[in-house]
Amino acid sequence: MQILDFSHSPALVVASLLVAMMSGFTGFSLTKGLSERSVAQRKVLIVLAAIALGGGIWSMHFVAMLGLQLPILFYYDAAVTLSSALVAILVAGTALLILHFWQRTRATLVLAGTIVGIGVLAMHYLGMSAMELCQALYTPLGLALAVVSSCALNIAAFSIAYGKRTQRNIVLGTLVFGFAVFAVHFIAIWGTSFVAVETLREVGPLVSNEVLAVGVVLSSFVLCGAFLLTGVTFLTPAQPDVPSPADKPSVEPTAATPIITKQIPYEQDGRTLFIDIKTVAAIRAEGHYTHLYTETGKLFCVWSITEAEQRLKTGPFIKTHRSYLINPAYVKGFERLKDNGVCHFELANLAKVPVSRSQLQKVREVLGV
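Engineer: Please clarify how the sheet that holds strand S16 (residues 341-344) should be interpreted in this entry.
Structural biologist: Two orientations exist for strands paired in a sheet by backbone hydrogen bonds: parallel and antiparallel. Spatially, three strands are ordered S15-S16-S17 in an open sheet, and the strand pairing comes out antiparallel. Where the open sheet ends on each side, the last strands, each with one partner, are strand S15 (333-336) and strand S17 (352-355). Strand after strand, the sheet turns through a mean of 20° between neighbouring axes, direction not considered. Where S15 and S16 come together, four bridges link them in antiparallel fashion. Bridging from a neighbouring strand, Glu335 pairs with Val342 of S16. Strand contacts of helix H9 (residues 357-367): S15, S16 and S17, with the helix running at about 140° to S15, the strand carrying the most contacts.

Shown next as structure tokens:
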């Protein structure tokens, strides 16, 4: 068998690299912030990201193959060609499921990268087997280099992109992923020789380079659209990490909110300190925060009054008003008014606390009046 000479179109080589980069960015961006979404939403976005990554791997391969120039006419088996796309999407989806439904550790990052690395190779060699009237021959060295480079580069890409889910890491992970898919293809091609064959091994209908080009253009068009949409979202300015007091939302209690029964945090000199709840006489709402009143002064707490009530519901505090919680042990006097009341304290910064009509009966029962 005579080994055929081959070359590549430089323009399509560059285009294949761009396709790989766009698919990586789209897939990694779609999965950002999934931990904040419901399980159903996570599944949908993982499917879309898998299609973006797997479809990008497939598109990159066949854009490069369209640039492969051989001295003979050859075709592709449509069934095998489409099967190679399915393999790429499935392995990408498997890796994303591991990353987003298992605990993300170094081991899971390596596992996900290895799965995608093997998937890239499986897609490549399955896609190459779709060639008709032309057969690819592989060398052991070429196969070994392709396996090592694919696994190593994809582990690096996923470790960067998913190690820390920042915009910087997503961009760097995209660059490594795109280069990984691109480099693995041409490393594998470097270890490949082509020979002409006269027999057909067709499983499905045959497609020419022209027909394949239409399919690749359509898939690349979809990837470009997804890339632009995710790019717009990606470039949207992020909200500040520490909102101002006027903008910070109050923390709504949930069933998972832990209950602190011994200490309350407060801020002082740039540090978070803790005070025993028994030394706190009253808690007063101050916007989205609260003030703690003790015998020695007033302290600033980052809890909202709602959160304080939820966390301290098993402690000594009772609610007297929508803005106040009090420790009955510090009450020095009680005054009944027409339809509400007042609790009196002997503190430097707090003399009295109102008792609303809705809380009046409960406060009186606790105080024994």
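Engineer: I'm lost on a nonpolar patch on the surface in this one. Help?
Structural biologist: Together, Val39, Leu97, Phe101, Trp102 and Leu111 make up a nonpolar patch on the protein surface, roughly 440 Å² of accessible area in all. Tracing the backbone through its elements, the reader meets Leu111 in helix H4 (residues 106-129).

Engineer: It is not clear to me how the pairing of strand S12 (residues 298-301) should be interpreted in this structure. Could you clarify?
Structural biologist: Here is the key point about a regular strand: its side chains alternate between the two faces of the sheet. Where burial is concerned, the two faces of S12 differ: the one with Leu299 and Cys301 is buried and the one with Lys298 and Phe300 is not. As consecutive antiparallel partners, strand S11 (residues 289-293) and S12 are separated by four residues.

Engineer: Can you help me understand the packing of helix H1 (residues 10-30) against helix H6 (residues 167-190) in this one?
Structural biologist: Between two packed helices, both the angle of their axes relative to each other and the distance between the axes serve to describe the pair. It is the contact of H1 with H6, at a shortest axis distance of 8 Å, that shows an interaxial angle of 140°. By the angle class used here, H1 and H6 are oblique. Two packed elements cross with a definite hand, and for H1 against H6 that hand is right-handed. Residues Val13, Ser16, Leu17, Ala20, Met21, Ser23, Gly24, Phe25, Phe28 and Ser29 of H1 form the contact with H6, whose own contacting residues are Ile170, Gly173, Thr174, Leu175, Phe177, Gly178, Phe179, Val181, Phe182 and Phe186.

Engineer: Is there a simple way to explain the side chain of Thr192 in this structure?
Structural biologist: With respect to the helices and strands, Thr192 occurs in strand S6 (residues 192-196). Setting aside residues up to four positions removed in sequence, Thr192 forms contacts with Phe6, Met128, Ala136, Leu137 and Tyr138.

Engineer: Sorry if this is basic, but what is going on with the sheet that holds strand S4 (residues 131-132) here?
Structural biologist: Read from one edge to the other, the open sheet built from three strands follows the order S4-S3-S7, with strand pairing classed as antiparallel. In the strand order of this sheet, the two ends are held by S4 and strand S7 (206-207), each with one partner. The pairing of strand S3 (residues 75-77) with S4 spans two bridges and is antiparallel. What sits directly across from Tyr76, in S4, is Met131.

Thresholds, definitions, all that
- Residues numbered from 1 in each chain as written.
- Predicted model: local features only at pLDDT ≥ 70, side-chain atom pairs only at ≥ 80, totals over all residues.
- Heavy atoms only, no water.
- Pairing = 2+ DSSP bridges.
- Helix = DSSP H or I, 4+ residues; strand = E, 2+ residues; numbered from the N terminus.
- Axes fitted to C-alpha atoms, helices over the stretch in contact; angles between N-to-C directions.
- Contact = heavy atoms within 4.5 Å.
- Patch = residues over 30% accessible without salt bridge, like charges linked within 9 Å, V, L, I, M, F, W, Y side chains within 5 Å.
- Areas by Shrake-Rupley, 256 points an atom, 1.4 Å probe, with all protein chains shown as cover.
- Salt bridge = Lys/Arg side-chain N within 4 Å of Asp/Glu carboxyl O.
- Buried < 20%, exposed > 50% of the residue type's maximum accessible area, 1.4 Å probe, protein only.
- Parallel < 35°, antiparallel > 145°, perpendicular 65-115°, else oblique.
- Left-handed = near helix turned anticlockwise from the far one by under 90°.

Everything listed here is a matter of geometry and, on its own, says nothing about what the molecule does.
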